[in-house]
Structure formats: C-alpha cells, structure tokens
Amino acid sequence: MSEENNSAEPDIYPESEECPGGEDSFGFGDDLELNQFDGLPFSSRYYNLLKERKALPVWKVRCEFEDALVNNQLVVVCGTAKTGRSTQIPQWCAEFCLSAQYQHGMVVCTQTNRQQAVDLALRVADEMDVNIGHEVGYTIPLETCCSSDTVLRYCTDDMLLREMMSDPFLEHYGAIIIDQAHERTVSTDILLGLLKDILLQRPELRVVVLAIPPMTDKLLSHYGSIPLISLEASSPADVVHSNGGNKDYFYSALRLVLEIHRSKEDGDVVVFFASAEEVQCAWSILQREGTRLGADLGQMVPVVLYPDQRGLLPFLTKQPDSKRFRRVFLSTQQGEDMWWATESVNFVIDTGVQKKMVYNPRIRANSEVLRLISQCQAEIRKQLSGPTGKCFCLYPEESQLPSENPPQILESNITPTVLFLKRMEIAGLGQCDFLDRPDPEGLMQALEELDYLAALDDDGNLSEIGIIMSEIPLDPQMAKALLASCEFDCVSEMLTIAAMLSAPSCFLKPPGGMTHEAVQCYRKFQHPEGDHFTLINIYNAFKQSQREQYFSAEKWCHDYFLDHSAMKTAEAIRSELTETLNRIELPISEPSFGTKTNTLNIKRALLAGFFMQIARDVDGSGNYFILAHKHMAQVHPLSSYGAQSQKLGLPEWIVFHEYTLSENNCMRTVSEISPQVFIQMAPLYFFYNLPPSESKDLLQDMLDVNGSRKCKDDKQKADANSGLSVTPQTYDRCVIQ
C-alpha cells in the first residue's frame, strides 16, 4: 500500500466503485486488503456495513470535512443524529490521527449520555471491523473498556473533564469531538470554554463540534472565523399540529396512540412526555387499554425507555417479527438523540412540554418547572419518523418555542463547577471562556459555599483541603464530609453513605396492591438515628446477601422491593471512592457501625459537610423550619421518621441531604442531630450569617453559655498558672468550633 494513501478504508468515497471483493470472492490466494488499525484482513461484514454507511447523508461531505480538518484547528458540523455524524466523523478523525502515526495523540468523542457512549462505541467497532476494548473503546462513570491499543474512545463529557485533572491540556489526544453540543450540559459548556484556551497552547490539536441550529450560529459567533459543514437531513415527516392549547397533552397523546393503532397503519410509535412520572403512568394506562383491544388489531406493546437503559441499541434496531405487533416507545426530553439507529418508527407524538429541575441559589434548592421544549428539540423529533412517517405536535404551529435549549449552567448548582475551575487555574489554564456566563448570584453563592467548607484560602485560591476535595468525585459537601470522617474514624460508614446517596434510589416503586408489604420490608432496615444510618443497614444487608449460598442477591433485592442495579452501582461507587482515598493516602478506619461513639462521629462528619442543611421542628408536628433560608418543609413519607413518626417521634433538630421545592416541599434523607454538635461543627461565620429566627436565637444562647463557660475555665487556668501575678485578659469572643 502506497504511503500517499493514508485512508484506513479501501476506496470508500461515495463516487467510488463497488468495494473490492464480494462475500464469496475470498480465496486463499487472493490479495486481501488489510485493516490499517489492526493489520488484519477486512471481513465480508465490513463491506456490507460500508454500503450502509455510504448511504448516510454525512458521506456527501467527507472530502469537505477532511480538507477542513487538515487546514483548521476547529471545525463545526451541523446535522441531526440520523445523518450519521456521531459514527462516521470520529472514524475519519481516527484516520487523520493515524496519518500522523498518532504523534499528537488519539481520538476522543464525548456524549452527554453514558449508554449512548457505549452503544456508539459498539457500533463503530463493528463498522471499523475491530474489537471493542482494543482499537475502539469507551469510558463512562464506573466503567472503562479500553486498552493501550485504543485509538478511538467514546466517553461522557463529565469523564473527559475528570481526565483534565491529571492532563489539563488533554495532550493524550490529537483530535477531540464534542458531540451533542446543543444539549448544553454543564460539562459540555465547560469543555467548549476551556478548549478555546487549549487550542492556543496546542496548535496541532484538532477539535470538531457536532451540533444543530441554532447552536451552530452561537458557536460561530463565539469562536470567530471557523468552517461550518452542514449535513443534509432526510426529508422531514408529515407534521400535524394541534389547533388548541396543550393543557390536556397527556391524555391527548394517549388517545392518539390508540387511534393510530386502530388505523392499522404499519410502524412503531414514539411518544415524548414531560417527565418520568408521566411515562410510568402512560405505560400503566396503555398496558390496561391494550388488553381491551380487538384481536384483529394486533398486539400493542408499550415500552418505557430510559436514556441510561442497558441493551437499548439491539432492542431499538430489532424489527418487529410480525406486522400485527406494534411497539409504543414512551420517553422524555432526555431520550431524543437515542433514536439515531431506529428504522421501525413511523409515528412521533410530541407533547411539546418538559419538566426540568431548576436550581435556586438563594435557598440552595431545586424546584420542578414545567416549560415548553425548544425549537431545537422540536426539529430533532420531527426528523425521527423519516420522510414516510408522521409527526403529531400537540401544540399550535404558531407557538413561540424558545430557539435553543437553556444552558444547564444557568439552572444548576455550580459549586462543583467552580471547585473544578479553581483546580484548573492551578494547572495553568486561563479563565474559562463560557458560551453563556454563569449567573453572578449563583457564582457568588458557589464561592461562599466553598469558603464555608474551607476549600478556599484568604486569597480566594484553593486551600489544601480544597485541592483534596477536588480529587474526590463527589459534590463538595459530601467530599468535605468524607474528609472529616478521616478525622472522626468513621470512614467506612461515610463511604457507604456517600455511595448510596450518589447512586440512584435503591427503593423500588411497589406494584399495585403491594405498598403495605414494601413498607413492612423497609421497616426492617430503619434505624432510629435517621435515614443516613438506614442506608448503611440496607447496604450491609445487601453485602450479606451476596455471601448467602441458597439465594442470589438479585432475588433478595426483589423480595425486599429494592433495586438490584442501584445497589450494584452503589457498590461500584464505594469501591471507586475507596481507591481514591487510598491513592491520595488518606486513612480508612475499620468499620464500627452500631456503637454510640461511631454514631456520634458519623453525625459530626455529616455536619462538617452539610451544616448548611439543618432544620428545626418548630411546633412538634413535623413542620420544619430551615435555618439557612427560613422556608418551611416536611420530611418525605419514605423517611424513617415519615413512616414511623407515631412510634419514633419526630426529632427537633435534623440534618437533611436534599430539599426540593414542590407541592409538599419535602426533605429527603434526614437524620437527627443535636444542636450542640451543630455548634461544634459549623463555622462560626456561617452561623452569624444565618438570617434572624427563633431557632438561631436558641443556638446563640447555647453558644453564649458554652462560650462563657470556656472563658471562665480559661481564666481559672490562667490565674492558677500565673500565681499571685494576675495579668488582665480580655475575651472579645469565644470561638466554639
């Protein structure tokens, strides 16, 4: 093979002749073309997939893209998921890096969804005719499938950010592809901001950003004169808009599903609802209604889809075995880009609304907001059914949809982001040039919170504690609590609490009629000290079930209405956190759960990180006053105290993990604390910054009593030490900390 031809694919431009060698043309004496990535002959499947790839819209711009990549550091590609952008462009970047013999590094492609990163890696490995985990791999939270031979890696955007902790200029990579930039996740926005500075430091680096309008226009104005390559989308589906408003969108969507099924037209259906709760409710209704339909209509199977669902790709690409079988996929706004490989969908029902959690920095809490989807999302959904399908939009055509997805960095708690960026400043990176700068109020709240956690020094730079906190893959408050547990000899227990709270909820929603049985099962784990301790009980019981010989841990979880996959995730997170503590050489104490000393130490460690999240029962009936922002809240019904408030009694003072503004304003994961321990653990300047309240006055009285007692003891010691010569001393303030 000549040195001039650096392509890893033999003659694969759209205008080329048929691929050499058919399925039956291989013989022992034939000259087989070799795959430049692994040196082995191409299989017949490679050529079959190659024909499919050539039909993708992205192939029409291959020459243009490769020229742009050679001559520019940054290239923007505009096109929807079904154009083939996410599978083909990373392969062409891998060929570009191969032509340079990987002198500048390998290729990485980010995704906003972990399961999509896995599915794309599997598909691309198949198309490149290589083994997954070797030449093509993936990295997602808690799972890595790569080797020293990996030249193309898919990963989630947050994992690439974590990698910058040890490789701030991403010198391991020669080409970086930022996919789904229009999703505007916090991690993707930070990457786009930091890469602008990295490109100045590394002129050999190539960056490709994949997005759809109007995000592409924003990128062009942000980065200046850069090439834009637009992909031709397939002809849009027949779009039908609703004449009325979408107040009754939920039942309108369900009625439309049944009408489509009764019409006997071929094809699966996708329905986009506003939230996961609506998806579950829709599944129950369609499941029930499906049994009442006539046999002549065929079977209707509702399917709930989650973006992180395992084994999703083979399921979506599998064609129905019979025309008398229709799947109804139920999804949310997070599942739009997962349909890139689906061909069986002929109908899309778009409710046009979504529920999102928006963070309020003033009260350090999330609130659930129902809002319209963006034009960006609407266009993606219209493309899903293809040119022969129909898209039913349950909102008027003249609806004023926002042009783009709102940046998550404007609606999230950015304290972890600020901690990360402070760490990047140490590594030598300049200021992050955000596409949309964070809200000043949110930024000030984040800096204040890091200051309270002792993560910043007097100059506003990271302190030693802050540097260690940035190494731990947890939110800053939980990272500080874990660090404090090293001092209080309860690391093992805090590792379990951190893992259980970082994983998805372990509690399964019981099937109809089984709620009482589920509550009875949960009571077996409940701990009188609170929910944090209950989580330790559940985890320890799960680990014990793994050692049983006569039944599996999966069956044990099923019997106790617990989510086995969530428990396995918690186990993996705990293992990762343990490795992190060992790497930074922090001590890990032996478990001593159940002793009085250990219980007190766990509460101390929790308050070291979560002293901003305490509340007091002001009337003895469960109406809790949150000291930080003077809101009233109740304990969640699934809490130990919520379920057994009559038996256990409600504690006066609690620390909580999460508070959400909703109809009930519930606090999740709460445990009892004593105000004396809070005074001991909370920074004094945080206490003085609390807004005035009766609860603060109670704490102030305790502080004054303890302070005067300490002053008196100190004065007696001073008098005893000085003998007859007494030196006058002043005590402006006694710090209890």
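Right above here is the structure, for reference.
This one's a predicted model, so the numbers in the text were calculated from it and none came from an experiment.

Caption draft 1: Inspection of the packing of aromatic side chains at higher detail. Taken as a whole and judged by the stated rule, the model has 18 aromatic pairs. Centre to centre, the rings of F250 and Y251 are 5.1 Å apart; their planes meet at 85°, and the pair counts as edge-to-face. Between F533 and F593, the aromatic rings sit 6.3 Å apart at their centres with planes inclined by 20°, giving stacked as the arrangement. Of this pair, F533 sits in helix 18 (residues 531–546) while F593 sits in the loop between helix 20 (564–583) and helix 21 (596–610); the two residues are 60 residues apart in sequence, bridging distant segments of the chain. We classify F593 as partly exposed; its relative accessible area is 25%. Among the aromatic residues, ring-to-ring pairing joins Y452, F611, Y685 and F686 into one connected group. Directly above the ring of F272 sits R381, whose terminal nitrogen or CZ lies 4.3 Å from the centroid. The ring of F687 carries K696 above its face, with NZ or CZ at 5.8 Å from the centroid.

Caption draft 2: Fine view of the nonpolar core. Ranked by internal contacts, the top residues of the largest apolar core, which has 117 residues, are M164, I176, L194 and F678. Excluding residues that lie within four positions of it along the chain, F678 makes contacts with L607, F611, I614, I673, F686, F687 and L699. Of all hydrophobic cores here, the second largest spans 41 residues; its members include Y47, L69, Y154 and A175.

Caption draft 3: Broad picture of helix 18. Look at helix 18: 23 Å from first C-alpha to last across 16 residues, which is about the 22 Å you get at 1.5 Å a residue. Taken together, the buried positions of helix 18 are D531, H532, F533, T534, L535, I536, I538, Y539, F542 and S545.

Caption draft 4: Local environment of the pattern of salt bridges. Enumeration according to the criterion identifies 32 salt bridges in this entry. A salt bridge links D126 to R45, with the nearest nitrogen and oxygen atoms 2.5 Å apart. With D126 in helix 4 (residues 114–128) and R45 in helix 1 (residues 44–54), the pair connects residues that are 81 residues apart, well separated along the chain. For D126, a relative accessible area of 25% corresponds to the partly exposed category. The salt bridge involving D268 is made with R327; its shortest N-O contact spans 2.8 Å. Taken together, the residues D268 in strand 10 (residues 268–272) and R327 in strand 12 (residues 325–331) connect sequence positions 59 residues apart. One salt-bridge network, held together by shared partners, links R184, D189, K218, E404 and D436.

Caption draft 5: Spotlight on the packing of helix 6 (residues 186–201) against helix 12 (residues 415–426). For the pair helix 6 and helix 12, the least separation of the axes is 12 Å and the interaxial angle reads 25°. Looking at the two axes, helix 6 sits roughly parallel to helix 12. The interaxial crossing formed by helix 6 with helix 12 has right-handed handedness. Contact residues: V186, I190 and L194 in helix 6; T417, F420, L421 and M424 in helix 12. Its residues placed into classes, the contact of helix 6 with helix 12 shows six nonpolar, one polar and no charged.

Caption draft 6: Representation of the sheet that holds strand 11 (residues 299–304) in the model. Taken together, the six strands give an open sheet; going across it, the order is 9-16-13-10-12-11, and neighbouring strands pair in parallel fashion. The open sheet has two edge strands with one neighbour each: strand 9 (238–241) and strand 11. Adjacent strand axes in the sheet meet at a mean angle of 15°, parallel and antiparallel pairs treated alike. Here strand 10 runs beside strand 13 (residues 345–350); their pairing, made up of five bridges, is parallel. By the bridge assignment, F272 is partnered in strand 13 with D350. This element, helix 9 (residues 276–290), spans strand 11 and strand 12 of the sheet and lies at about 165° to strand 11.

Caption draft 7: Quick peek at the packing of helix 14 (residues 464–471) against helix 15 (residues 476–487). One way to put it is that helix 14 packs onto helix 15 with a least axis distance of 9 Å and a crossing angle of 110°. As far as their axial angle goes, helix 15 and helix 14 are roughly perpendicular. Residues I465, I468 and M469 of helix 14 touch helix 15, and the partners they reach there are P476, A479, K480 and L483. For the contact of helix 14 with helix 15, the per-class residue count stands at six nonpolar, no polar and one charged.

Caption draft 8: Quick peek at unusual backbone geometry. Here the residue pair P213 and P214 is connected by a cis peptide bond, since its omega of 0° sits within 30 degrees of zero. In this fold, P214 is placed in the loop between strand 7 (206–211) and helix 7 (215–223). Of note, Q101 is a non-glycine position whose phi angle comes to about 55°, a positive value. Here Q101 lies in the loop between helix 3 (85–99) and strand 2 (106–111). Even without a glycine there, the phi angle at T669 is positive, about 55°. Considering the arrangement of structural elements, one finds T669 in strand 21 (residues 666–672).

Rules used throughout
Residues numbered from 1 in each chain as written. Predicted model: local features only at pLDDT ≥ 70, side-chain atom pairs only at ≥ 80, totals over all residues. Heavy atoms only, no water. Phe/Tyr/Trp six-rings, centres within 6.5 Å; stacked < 30°, edge-to-face > 60°. Helix = DSSP H or I, 4+ residues; strand = E, 2+ residues; numbered from the N terminus. Buried < 20%, exposed > 50% of the residue type's maximum accessible area, 1.4 Å probe, protein only. Lys NZ or Arg CZ within 6 Å of the ring centre and 35° of its normal. Core = buried A, V, L, I, M, F, W, Y, C linked by side-chain atoms within 4.5 Å. Contact = heavy atoms within 4.5 Å. Expected span 1.5 Å × (residues − 1). Salt bridge = Lys/Arg side-chain N within 4 Å of Asp/Glu carboxyl O. Axes fitted to C-alpha atoms, helices over the stretch in contact; angles between N-to-C directions. Parallel < 35°, antiparallel > 145°, perpendicular 65-115°, else oblique. Left-handed = near helix turned anticlockwise from the far one by under 90°. Nonpolar A, V, L, I, M, F, W, Y, C, P; charged D, E, K, R; others polar. Pairing = 2+ DSSP bridges.

Coordinates in, geometry out; function isn't part of it.
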